[in-house]
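Working through the structure, step by step
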Amino acid sequence: MIRKMYSLIVLVLSFLSINGLVLHNKIEESEAEKMLISLGYYNPFAFDASSNLTEAIKDYQSFYNLPKTGELDQSTAEIMNKPRCGNPDKVHSSHGYYLLWHTKWPTKSLTYKFENTGADLPPKTVKDTVRKAFNMWSSVTPLTFTEVTDRRGHINIGFYSGTHGDGGDFFGPGGTLAHAFYPQNGNLHFDENENWVVNQRGTDLLEIAVHEIGHAIGIQHSNIRGTIMFPTYFGYRPNLQLHDDDIKAVQALYGVGTGGIITPNPPTGAPPTGAPSTQSPPSGKCPYTEDKNKACFFWAQHGYCTSAKSDSLARMKSDCCNNCEKNALCDNKDKQCDSWANRGECKNNFVWMRENCSKACKECS
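Residues numbered from 1 in each chain as written. Predicted model: local features only at pLDDT ≥ 70, side-chain atom pairs only at ≥ 80, totals over all residues. Heavy atoms only, no water.

**Topic: the overall build of the chain**
- When you go through the chain residue by residue, the secondary structure sums to 13 helices and ten strands.
- Long-range contacts, defined here as pairs at least 24 residues apart, represent 68% of the contacts in the chain between residues at least 6 apart. (Helix = DSSP H or I, 4+ residues; strand = E, 2+ residues; numbered from the N terminus. Contact = heavy atoms within 4.5 Å.)

**Some details on helix α7 (residues 244-254)**
- Taken together, the buried positions of α7 are occupied by Asp245, Asp246, Ala249, Val250, Leu253 and Tyr254. Down the axis of α7, the buried set is contained in an arc of 150 degrees. They therefore lie on one face. For α7, the exposed residues lying more than 90 degrees away from the buried face are Asp244 and Lys248.
- Once α7 ends, the next one or two residues include glycine 255, with phi positive near 90 degrees. (Buried < 20%, exposed > 50% of the residue type's maximum accessible area, 1.4 Å probe, protein only. Arc of directions from axis to C-beta.)

**Considerations on the sheet that holds strand β6 (residues 155-160)**
- Spatially, the six strands line up as an open sheet ordered β1-β7-β8-β6-β4-β5, and their pairing is mixed. The sheet terminates laterally at β1 (84-85) and β5 (144-147), the two strands that pair on one side only.
- When β6 meets strand β8 (residues 187-191), the two strands line up parallel, connected through five bridges. Residue pairing for β8: phenylalanine 159 is matched across the bridge by phenylalanine 190.
- Across the sheet, helix α6 (residues 205-216) is in contact with β1, β6, β7 (176-180) and β8; its angle to β7 comes to roughly 35 degrees. (Pairing = 2+ DSSP bridges. Axes fitted to C-alpha atoms, helices over the stretch in contact; angles between N-to-C directions.)

**Let's talk about the packing of aromatic side chains**
- Evaluation of the coordinates by the stated rule reveals ten aromatic pairs.
- On the basis of an interplanar angle of 35 degrees and a centroid distance of 4.6 Å, the ring pair of tyrosine 60 and tyrosine 64 is categorised as tilted. Pair check on accessibility: tyrosine 60 and tyrosine 64 agree, each one buried.
- Between tyrosine 64 and phenylalanine 230, the aromatic rings sit 5.6 Å apart at their centres with planes inclined by 80 degrees, giving edge-to-face as the arrangement. With a gap of 166 residues between them, tyrosine 64 in the loop between α3 (53-63) and α4 (74-80) and phenylalanine 230 in the loop between α6 and α7 connect regions that are remote in the sequence. The same class applies to tyrosine 64 as to phenylalanine 230, namely buried.
- Members of the aromatic cluster, each reached through a chain of ring pairs, are Tyr60, Phe63, Tyr64, Phe230 and Phe234. (Phe/Tyr/Trp six-rings, centres within 6.5 Å; stacked < 30°, edge-to-face > 60°.)

**Focus: the pattern of salt bridges**
- By the definition in use, this model includes nine salt bridges.
- Across the pair glutamate 147 and lysine 127 runs a salt bridge, and its minimum N-O distance is 3.0 Å. Taken together, the residues glutamate 147 in strand β5 and lysine 127 in helix α5 (residues 123-138) connect sequence positions 20 residues apart.
- Of the residues examined, glutamate 147 reaches a relative accessible area of 18% and is grouped as buried.
- Between aspartate 150 and arginine 151 there is a salt bridge, with its nearest N and O atoms 2.5 Å apart.
- A single network of salt bridges, built from pairs that share partners, joins Lys124, Lys127, Asp128, Arg131 and Glu147. (Salt bridge = Lys/Arg side-chain N within 4 Å of Asp/Glu carboxyl O.)

**Section: the pairing of β7**
- In terms of residue burial, β7 counts as a mostly covered element, since five of its five residues are buried.
- Direction of pairing for β1 relative to β7: parallel, over a ladder of two bridges. Residue pairing in the sheet places cysteine 85 in a bridge with alanine 178 of β7.

**What about the pairing of β5?**
- Burial of β5 is two-sided: the residues Thr144 and Thr146 facing one way and the residues Phe145 and Glu147 facing the other way are all buried.
- As paired strands, strand β4 (residues 109-114) and β5 are joined by four bridges and run parallel to one another. Residue pairing for β5: threonine 111 is matched across the bridge by threonine 146.
- Each parallel crossover has a hand, and the one from β4 via α5 to β5 is right-handed. (Right-handed = clockwise from strand over helix to strand, strands pointing away.)

**Looking at the packing of α5 against α6**
- Packing of α5 against α6 brings their axes to within 9 Å, and their N-to-C directions diverge by 50 degrees. Overall, the two elements α5 and α6 adopt an arrangement that is oblique. In this structure, α5 meets α6 at a crossing whose hand is right-handed. Touching Val126, Thr129, Val130, Lys132, Ala133, Phe134, Met136 and Trp137 of α5 are Leu205, Leu206, Ala209, Val210, Ile213 and Gly214, all from α6.
- Taken together, the residues of the contact of α5 with α6 sort by class into eleven nonpolar, two polar and one charged. (Parallel < 35°, antiparallel > 145°, perpendicular 65-115°, else oblique. Left-handed = near helix turned anticlockwise from the far one by under 90°. Nonpolar A, V, L, I, M, F, W, Y, C, P; charged D, E, K, R; others polar.)

**Focus on the side chain of aspartate 204**
- You can see aspartate 204 is positioned in strand β10 (residues 203-204).
- Notably, aspartate 204 is buried but unbridged: the nearest opposite-charge side chain belongs to arginine 237, and the N-O separation is 7.4 Å.
- Excluding residues that lie within four positions of it along the chain, aspartate 204 makes contacts with Trp196, Val197, Val198, Asn199, Tyr233 and Tyr236. (Lys, Arg positive; Asp, Glu negative; His and termini not counted.)

**Structural notes on the packing of helix α2 (residues 29-38) against α3**
- Where α2 meets α3, the axes come as close as 11 Å, and the angle between the chain directions of the two elements is 65 degrees. By the criterion of interaxial angle, the relationship of α2 to α3 is roughly perpendicular. In this structure, α2 meets α3 at a crossing whose hand is left-handed. Where α2 approaches α3, its residues Glu29, Glu33 and Leu36 are matched on the opposing element by Leu53, Ala56, Ile57 and Tyr60.
- Broken down by class, the residue content of the contact of α2 with α3 amounts to five nonpolar, no polar and two charged.

Here's what the structure looks like:
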């Protein structure tokens, strides 16, 4: 009997360990430091309060509405050990409780592509679930989302494990569930090693997809529990809905409306050549915020705004001037950006580098 009880205890402890929990709600200081760095709270090389670990812990506790002890106490460790989104919490200015990224998509007609659909669920289930996630955002905005298969979309979706080339590694079940890049990058990655499920307890694909799409369209984390954009995952929630805070965030970026998902694919190939459909805007200033063709984003990203592909230059400056102007903003703000990028800072300090050295980090063409 004692032997059986001992085996049962070992089994339970193993289960807790496998699922990413730490006994006694503790966390090693070295692991906490790594997490605080990756989430934007702690920078040991900075010249401000963020270089002080105690202040960084207090900052983390403040975001999660915990007592600001500056110590890795039980309540702090409990939150740190929860599965979560891999995107940072601490970035840029606040608009109320939610946070907005410094850019948004230049069009309200967005496309998405599946690079793969993972191994846990049937492809149709994955696509239907992600489509439902997109629809939650389009139901309160003018945004539309169209799946494409013959080219990259604005948002590109896939399941990956470990180191997969974007600087945001996955470490297995129970840690970082997924991450997504802000406009105008658009990559959205799920951790292949999670046990993805739909409509049941487990790692709910719908909730994580809605959250990551929020990032992909320009919304950062909220510190209000119960919002879609809260960074920590507490488990399956039936009848999932956007919180008022989520709605305010997305409407602050794109306005109020109802988009709905459309099915026709955007135009393919290179832009048309010949005379522009309208007179080119004077002195490079674009007179409108929505370009005349849904494919302008792709053409701008592939260099058709420059004289290197001059057959289409006049047409691009006329019909796609909005995207051409935005693409031209991709630049380095410091002469050392290339040097920093070569030594790996795009990965190690990616929030600051993406804002100040976007060209060196290849965040746009």
